[in-house]
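Here is how the chains run, residue by residue.
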Amino acid sequence: MAGVASFLFVDLHALIAAIPLPPGESPPELPPPVLLKLVSVIQPAVITTLAVAVGCWLAGKVGLHSPAAEAAANDEPILAKLKPQILPGLIAGLASGVALVAIWVVSKPFFSPEFITRAEDFNKFLPAITRFLYGGFTEELLLRWGFMTFLVWAAWRLFQRLPPPRQTKRLPPLLRPEGSQGRPKPVWFVGAIVVSALVFGIGHLPIASMLAGGLTLPLVTYVITGNSIFGIVAGFLYWRRGLEAAIIAHMTAHLVLISAIYLSF
C-alpha cells in the first residue's frame, strides 16, 4: 500500500497535460487535484488487495514463497531468510537494468524525435519514490505474488493429469484433492513466468501509443521485449529464490534506469 500511496507524489495534472492530443482535440476537463489523486489510488489499492489475497491462498499450495514475509509472520528471524535472496536480486537487477538501457539506446534510431522527447519527459514526471515503492513492491505483488501464482495453480489443477484416487476420479480437476495431482511440474512455472512477463509488457503499450500518437512495429517490439525481459528474470527469481529476490531485482533495475534517465541516455 506504500507503493499505491506513492502515486500521491505524482503531479497527475502535469503528467496528463504532457500526453499529446490528436489534431483538433481539446484537452479533457480534469477533476480537482485532490479528487484525481484519490481516484488514482483507489483502483490499484483494490487490485493489490486482491492479488495479495490470491497469493496468500495459493502460493503455498504450489511451492512458491515469500520467505522473509513468512518469517515475519511466524515470528522467526527475518534476516536469515532474506540473506540468500539479496545477492541474486542485486545481480539480476543490475543486469536487467543495463539490458533495458541498452535496448533503449539500440531502439532510439527507429523512433521519431517527438516520441523520444515525450518519452524522456514523461519518465521525469515519475518520482523516484514511486518507481521504487510501486515498481519495486506493488508491481511484484500484482504480477508475481498474485497473477503468476494463480497461473501456476490453475495450470497445475487443470492440466496435470495424474491418476486420482478411485473415489475422486469423476470429479472435475479443480474439485479434486490437491494431493492427488502431486507437485506442480516445472513447465507450469515456466509457462506462468512467460505469460505474466508478456502481460506486463503488453500493459505498457497504451501509454506508449499515446506518447507516440499510435503504435508501430518497432515500438511494439521495444515495449514488449524490454518489459518482458525483466518480467522473465523476476519470475525466475520468485520461483527459485523467493518473492523478496524479485522485489530487490525490480528496485535495483529502477535504480539503473533512474541513473540513465538523469544521465540522458
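Calculation notes
The numbers attached to residues start from 1 for each chain and follow its sequence in the written order. Where local features are concerned, this predicted model is filtered to residues with pLDDT of at least 70; where side-chain atom pairs are given and counted, the filter is 80 or more; whole-chain, interface and lining totals use all residues. Where side-chain values are given, they derive from all heavy atoms of the structure, hydrogens and water being excluded. Orientation is described by axes fitted as lines to C-alpha atoms, over the contacting stretch for helices, and by angles from 0 to 180 degrees between their N-to-C directions. What counts as a helix is a DSSP run of H or I of at least four residues, what counts as a strand is a run of E of at least two, and both are numbered from the N terminus. For any pair of crossing helices, the crossing counts as left-handed if the nearer helix is rotated counterclockwise from the farther one by less than a right angle, and right-handed if it is rotated clockwise. The contact rule is simple, with two residues in contact once any of their heavy atoms fall within 4.5 Å. In this analysis, the protein atoms alone were mapped onto a 1 Å grid. Cavities are point sets where a 1.4 Å probe fits without being able to get out; pockets are open sets with protein on both sides within 12 Å along at least five of seven lines; lining residues have an atom within 4 Å of a point. Grid points are joined across faces, edges and corners, and a volume is the space filled by probe spheres set on the points. Under the convention adopted here, Pro, Cys and the residues Ala, Val, Leu, Ile, Met, Phe, Trp and Tyr are nonpolar, Asp, Glu, Lys and Arg are charged, and Gly plus all remaining residues are polar. A patch consists of residues exposed above 30% relative accessible area that lack any salt bridge, with like charges linked at up to 9 Å and nonpolar side chains (Val, Leu, Ile, Met, Phe, Trp, Tyr) linked at up to 5 Å. For accessible areas, the Shrake-Rupley method is used with a probe of radius 1.4 Å. Any residue's cover is judged against the shown protein chains and nothing else. When a carboxyl oxygen of Asp or Glu lies within 4 Å of a side-chain nitrogen of Lys or Arg, that pair is called a salt bridge. Here's how the labels work: a residue is buried when its accessible area is under 20% of the maximum for its type, exposed when over 50%, partly exposed in between, all with a 1.4 Å probe on protein chains only. Only buried residues count toward a nonpolar core, which is a set of Ala, Val, Leu, Ile, Met, Phe, Trp, Tyr and Cys residues joined through side-chain atoms within 4.5 Å. Aromatic rings from Phe, Tyr and Trp, with only the six-membered ring used for Trp, were paired whenever their centres fell within 6.5 Å, and each pair was classed as stacked if the ring planes differed by under 30 degrees, edge-to-face if by over 60, and tilted otherwise. Here, over-ring charges are defined by two tests on the NZ atom of lysine or the CZ atom of arginine: distance to the ring centre within 6 Å, and angle to the ring normal within 35 degrees.

J.: How should the packing of helix 7 (residues 128-159) against helix 11 (residues 243-262) be read in this particular structure?
T.: A pair of packed helices is characterised by two quantities: the angle between their axes and the separation of those axes. For the pair helix 7 and helix 11, interaxial distance at closest approach is 9 Å and the crossing angle is 145 degrees. Crossing angle aside, the handedness with which helix 7 passes helix 11 is right-handed. Between helix 7, through Ala 128, Arg 131, Phe 132, Gly 135, Gly 136, Phe 137, Glu 139, Glu 140, Leu 141, Arg 144 and Trp 145, and helix 11, the contact on the second element is made entirely by Leu 243, Ala 246, Ile 247, His 250, Met 251, His 254, Leu 255, Ile 258 and Ile 261.

J.: Any chance you could explain the layout of surface pockets here in plain terms?
T.: One simple way to see leftover space: roll a probe sized like a water molecule over the atoms. Of the voids in this model, the second largest pocket is the one considered here, and its volume is about 240 Å³. Along the wall of the second largest pocket there are 13 residues; nearest its centre are Ser 66, Ala 69, Leu 243, Glu 244 and Ile 247. Of all the secondary structure elements, the ones that give two or more residues to the lining of the second largest pocket are helix 4 (67-73), helix 7 and helix 11. Element by element, the count of residues in the lining of the second largest pocket is highest for helix 11, at five residues. Residue composition of the lining of the second largest pocket, by class: 10 nonpolar, one polar and two charged.

J.: For this particular structure, what's the right way to read a nonpolar patch on the surface?
T.: On the surface, Leu 35, Leu 38, Val 39, Ile 42, Val 46 and Leu 50 cluster together into a nonpolar patch covering about 550 Å² of accessible area. The exposed category is assigned to Leu 50, whose relative accessible area is 54%.

J.: Mind showing me how you'd approach the environment of Leu 100 here?
T.: Along the chain, Leu 100 falls in helix 5 (residues 78-107). The exposure class of Leu 100 is buried, given its relative accessible area of 16%. Linking Leu 100 and Gly 226, residues 126 residues apart in sequence, is a C-alpha distance of 5.8 Å. Apart from residues no more than four positions distant in its own chain, Leu 100 is found in contact with Gly 226, Asn 227 and Leu 257.

J.: Would you mind going over the nonpolar core with me for this structure?
T.: Core analysis: the largest hydrophobic core is formed by 27 residues, its most contacted members being Leu 64 and Tyr 238. Of all the elements in the fold, those that place two or more residues in this core are helix 3 (33-62), helix 7, helix 8 (186-202), helix 10 (217-240) and helix 11. Beyond its immediate chain neighbours, meaning those up to four positions away, Leu 64 contacts Ala 59, Glu 70, Thr 149, Val 152, Phe 189, Tyr 238 and Trp 239. Counting 15 residues, the second-largest nonpolar core is a separate cluster that includes Leu 12, Leu 15, Phe 122 and Leu 205.

J.: Please clarify how the pattern of salt bridges should be interpreted in this entry.
T.: Close approach of charged atoms allows side chains with opposite charge to pair. Counted by the stated rule, this structure contains two salt bridges. Across the pair Lys 108 and Glu 120 runs a salt bridge, and its minimum N-O distance is 3.6 Å. Of this pair, Lys 108 sits in the loop between helix 5 and helix 6 (113-124) while Glu 120 is found in helix 6, placing the two residues 12 residues apart along the sequence. For Glu 120, a relative accessible area of 28% puts it in the partly exposed group.

J.: Explain the packing of aromatic side chains here, please?
T.: Geometry of an aromatic ring pair is reported as the spacing of the ring centres plus the angle between the planes. Taken as a whole and assessed by the stated rule, the structure comprises 11 aromatic pairs. Here the aromatic rings of Phe 7 and Tyr 134 are separated by 4.8 Å at their centres, their planes lie at 70 degrees, and the arrangement is edge-to-face. With Phe 7 in the loop between helix 1 (2-5) and helix 2 (12-17) and Tyr 134 in helix 7, this pair connects stretches of sequence that are 127 residues apart. Under the relative-accessibility criterion, Tyr 134 is labelled buried at 16%. Where Phe 159 meets Trp 188, the ring centres are 6.2 Å apart and the plane angle is 40 degrees; that geometry is what we call tilted. Here Phe 159, found in helix 7, pairs with Trp 188, found in helix 8; they are 29 residues apart in sequence, far enough to count as distant. For Phe 159, a relative accessible area of 51% translates into the label exposed. Residue classification places Trp 188 among the buried residues on the basis of a relative accessible area of 17%. Grouping aromatic residues by their ring pairs yields a cluster made of Trp 104, Phe 111, Phe 115 and Tyr 222. The ring of Trp 156 has Arg 157 sitting right over it, with the charged end atom 5.6 Å from the ring centre. Across from the ring centre of Trp 239, 3.9 Å away, lies the NZ or CZ of Arg 240, which sits over that ring.

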